[in-house]
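Notes for the structure review
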Amino acid sequence: MTQQNQKFTESQKIILQSICDTFYPSLSDIETNDIIQEDKAFQIKSGVKYTLERRRLVMEFCKRNAESVGTADKVEELFFKQIPSDIIFQTNLLFSALSTSLGTFALSFGTYYTPFNELPLESRVDILSNFASSWIPDLRKGFNSLKGLISLVFLSTTTATTKRNPSWDVLKYDRPLSNDVVEAERKKSQRKEFQYKMLNDDFASNDNNHGATADTDDQVIEMDVDIVIVGTGCGGSVMASVLSEIKGLKIVVIEKAEYLIWQDMEGTEEHGFNNMYEKGGVLITEDTGIAVLAGSAFGGGTAVNWACSLRTPGFVREEWEHFGLKRFGPSSTSFSKAIDYVCNRIGVVEGNDITHNITNQLFLDGCKACGYSAEATGQNMKNTSTYKLGSGDISIGDKFGIKNSTPETFLQDAANNGCQFIDQCYIDTIMHDGKKASGVVGKFIVNDKKNGLVIEKKIKIIARKGVIISCGAINTPALLLRSKVPNSNGLIGKNLRLHPVVGCVAALPKEIKVWDGAPMTTVSNAASGGSDGSHYGVKLECPSVHVGFGGAQLPWLNPKQNRRDLLFLPNSFVTIALSRDKGSGSIQIDSDGNARLYYPLSQHDRDSLVEGSEMLIRISAAVGAEKIMSSVIPLNGVVDLPNEEGKEEERREKIDEYVEKMAAAGVTANFKNVIISAHQMGTAKMSNKPSQGVCKDTGELHEVENLYVADTSLFPTPSGANPMITCLALTYDIALRLKQKIMLDIGGNGSRL
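First things first, this report covers the structure right here in the doc. (Residues numbered from 1 in each chain as written. Predicted model: local features only at pLDDT ≥ 70, side-chain atom pairs only at ≥ 80, totals over all residues. Heavy atoms only, no water.)

Points about the pairing of strand 11 (residues 437-448)
Remember that side chains alternate between the two faces of the sheet whenever the strand is regular. In this sheet, strand 11 lies alongside strand 10 (residues 425-432) in antiparallel orientation, the contact comprising 7 bridges. Note that in strand 11 the partner of I427 across the bridge is G442. Here strand 10 hands over to strand 11 after 4 residues, with G434 in that stretch at a positive phi of 95°. (Pairing = 2+ DSSP bridges. Helix = DSSP H or I, 4+ residues; strand = E, 2+ residues; numbered from the N terminus.)

Shown next as structure tokens:
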């Protein structure tokens with residue numbers, strides 16, 4: 001539920017504009033000249049000829065302020081579209097207070113008695129800097145949220161005419177690809193786009209409504225089907241593919257996001273985040289400020305993930321068997337076959353066939369230099385050659401169909417077998433009588449092209465043979481909780497696992513352009529066993545990073561420092577440490593029924609992330625980093641590492657000193673670290689006994705017949721690897737058994753088991 005057609009008051013908007021121009025002001029001539037000179041020295045050291053054009057671009061970048069690119073207007077738009085109502089209320093209070101002398105006096109703890117927007121820049125910078133390190137958690141949370149959103153908008157918002165951001169030239173960021181380049185690549189690859197038919201527009205009239213009826217009194221569209229599947233990610237797509245093999249079975253698949261054809265994808269972060277990520281990519285845990293990236297697209301997370309295809313680790317299968325889930329244990333041939341099948345279906349390529357971009361090759365080199373084991377990861381890409389056009393953009397919209405996501409595989413199978421699809425459809429509740437589920441109720445968007453209208457309509461879908469919820473580990477428990485399904489043990493929404501991630505950004509004297517080439521083709525398991533041998537340790541990997549999101553993660557101590565550090569993005573070597581978390585959090589719903597995430601990071605996982613962070617620092621140093629920043633201590637800023645001949649000992653001491661500072665500060669998860677999650681799991685976990693979980697190993701809820709969960713919510717413990725393959729295989733196994741059950745009910749047989 002989003003806040004529609006709302007805006008800040010005039011005084012609040014003035015404060016927002018002032019905050020934007022504090023984060024991104026027009027720098028002074030002295031500051032600008034300092035940055036120009038430092039950039040010139042670094043470019044020359046990187047082997048790049050320094051030109052007057054480069055000097056002009058750097059000067060314009062330093063002089064460009066947030067107001068000149070409309071940052072405040074865009075932030076306001078995103079704010080009321082994506083942010084929960086209670087956070088909007090708190091932000092309104094903050095902005096209103098800052099618009100008065102007394103409020104600013106209180107929030108600056110007696111330092112300034114003038115409205116925030118009337119203060120000189122240095123005073124405004126002082127207030128925001130104090131927010132960042134404040135002893136009050138809400139002020140730290142407010143700083144991080146505003147800094148992240150404003151930075152993302154400043155660096156990613158494009159103009160209507162050029163579809164580019166004015167800062168991209170100086171950052172050497174060449175997106176989006178031109179239409180000519182895109183068309184030439186599509187012709188060269190000879191890939192044909194599979195286009196899906198959505199039922200939405202058919203419902204604009206009574207013609208061709210596929211058996212649906214409309215209650216004209218309150219405009220409720222009613223459908224009668226055998227199976228309704230809510231969600232098109234890993235789980236929903238596999239369930240649709242397998243179950244649609246039953247001839248005559250009527251299946252409708254629901255997706256809350258808008259279905260986009262290749263041509264609709266603009267190839268920018270602005271478009272990708274706004275149209276393909278949960279809450280536009282600005283979702284965080286309420287209590288610890290972990291940034292949560294979750295796909296919200298046709299194809300779910302598979303539409304935006306990084307193509308890293310890792311099989312379920314043996315130790316995870318052993319653990320699940322220990323919990324009584326023998327179906328998925330190491331000796332289970334059915335689960336092993338399921339893993340093989342899904343890897344084959346999505347075209348996973350492994351081993352020597354994988355090639356690496358500069359980032360991943362540096363990672364391999366750094367791991368080798370440090371004595372850490374590392375290897376290539378499986379990839380579900382149609383073309384795994386180095387720097388294949390479009391491979392670096394798979395996280396913001398696959399315009400070429402280069403990745404075998406579910407829209408390229410399982411959903412096509414389902415469509416060819418007769419499945420029907422509705423997009424832009426939000427399911428409010430599951431219909432049930434406390435013992436058995438019978439369907440879903442929600443609302444969806446139709447385009448009345450005849451009258452030029454976009455209309456929201458209610459929908460009620462009766463599903464005789466199964467209601468399958470595949471909304472992901474955030475929205476599946478939220479839907480179950482909104483629907484008030486029986487929850488005797490209170491475990492719906494509990495056991496949230498996030499695979500929390502910390503990162504390291506290092507600037508090297510060479511251009512890297514981390515956004516080019518397949519993003520995650522390598523992994524190190526050197527510390528994955530954990531310090532206690534429990535297999536709750538850290539994996540080391542390379543992420544997908546573009547300038548907007550990447551720039552938003554950099555530290556902001558003051559405008560000059562931040563602007564200087566942004567210029568290092570083209571030379572940045574970016575790595576991450578991902579923790580297999582022992583601790584857990586929860587999904588709760590607010591008064592509007594929206595999912596809210598809570599995740600108190602456990603001490604074990606904090607220690608694991610510190611260990612991983614040290615390894616990232618040493619890997620970065622081993623490949624020649626001259627500047628380095630750990631997301632564990634962003635307020636320490638970027639540290640310079642001497643790299644001249646004869647200063648090896650000084651360099652080692654500097655590295656050790658930085659590692660010690662990072663370890664001493666630790667991962668506090670209290671809005672002082674930059675922590676990210678791209679994997680969410682476990683919030684409707686399977687169990688052998690009803691008292692210990694939410695679902696059976698068939699995916700069906702213990703307490704509600706005919707209601708199934710099919711996504712990463714089912715994981716009893718975290719997958720310890722990128723969860724795509726595990727989720728696909730798990731739901732494939734579940735789908736085969738449900739198919740057999742349905743076929744037996746209607747007099748057929750389950751021949752594929």
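Here's the deal with helix 21 (residues 724-745)
In this model, helix 21 (22 residues) spans 31 Å end to end at C-alpha, consistent with the 32 Å of a helix rising 1.5 Å per residue. Of all the 22 residues making up helix 21, 18 are buried; the element is thus mostly covered by neighbouring parts of the structure. Two residues or fewer past helix 21, G747 is found with a positive phi of approximately 95°. (Expected span 1.5 Å × (residues − 1). Buried < 20%, exposed > 50% of the residue type's maximum accessible area, 1.4 Å probe, protein only.)

Notes on the packing of helix 19 (residues 603-622) against helix 20 (residues 648-665)
Where helix 19 contacts helix 20, the axes come no closer than 10 Å and their chain directions differ by 160°. Judged on the interaxial angle alone, helix 20 and helix 19 are roughly antiparallel. For the crossing formed where helix 19 meets helix 20, the hand is right-handed. Touching V610, S613, E614, I617, R618 and A621 of helix 19 are R651, I655, D656, Y658, V659, M662 and A663, all from helix 20. Partitioned by chemical class, the residues of the contact of helix 19 with helix 20 number 8 nonpolar, 1 polar and 4 charged. (Axes fitted to C-alpha atoms, helices over the stretch in contact; angles between N-to-C directions. Parallel < 35°, antiparallel > 145°, perpendicular 65-115°, else oblique. Left-handed = near helix turned anticlockwise from the far one by under 90°. Contact = heavy atoms within 4.5 Å. Nonpolar A, V, L, I, M, F, W, Y, C, P; charged D, E, K, R; others polar.)

Thoughts on empty space enclosed by the protein
Applying the stated rule across the entire model yields 7 cavities of 30 Å³ or more. Space inside the largest cavity adds up to approximately 210 Å³. Among the residues making up the lining of the largest cavity, the classes are represented as 11 nonpolar, 3 polar and 4 charged. (1 Å grid on protein atoms, 1.4 Å probe; cavity = no way out; pocket = protein on both sides within 12 Å on 5 of 7 lines; lining within 4 Å. Points joined across faces, edges and corners; volume = space filled by probe spheres on them.)

Quick notes on the pattern of salt bridges
On inspection of all chains with the given rule, the structure shows 46 salt bridges. Of the charged contacts in the structure, one is a salt bridge between R564 and D565, with a shortest N-O distance of 2.8 Å. The exposure class assigned to R564 is partly exposed, which follows from its relative accessible area of 22%. (Salt bridge = Lys/Arg side-chain N within 4 Å of Asp/Glu carboxyl O.)

Quick word on the pairing of strand 3 (residues 251-254)
What you see with strand 3 is no split at all: I251 and V253 on one side and V252 and I254 on the other are buried throughout. Looking at chain direction, strand 2 (residues 220-230) and strand 3 are connected through 4 bridges and run parallel. What sits directly across from V230, in strand 3, is I254. In this sheet, strand 9 (residues 420-422) lies alongside strand 3 in parallel orientation, the contact comprising 3 bridges. By the bridge assignment for strand 9, I254 is matched with I422.

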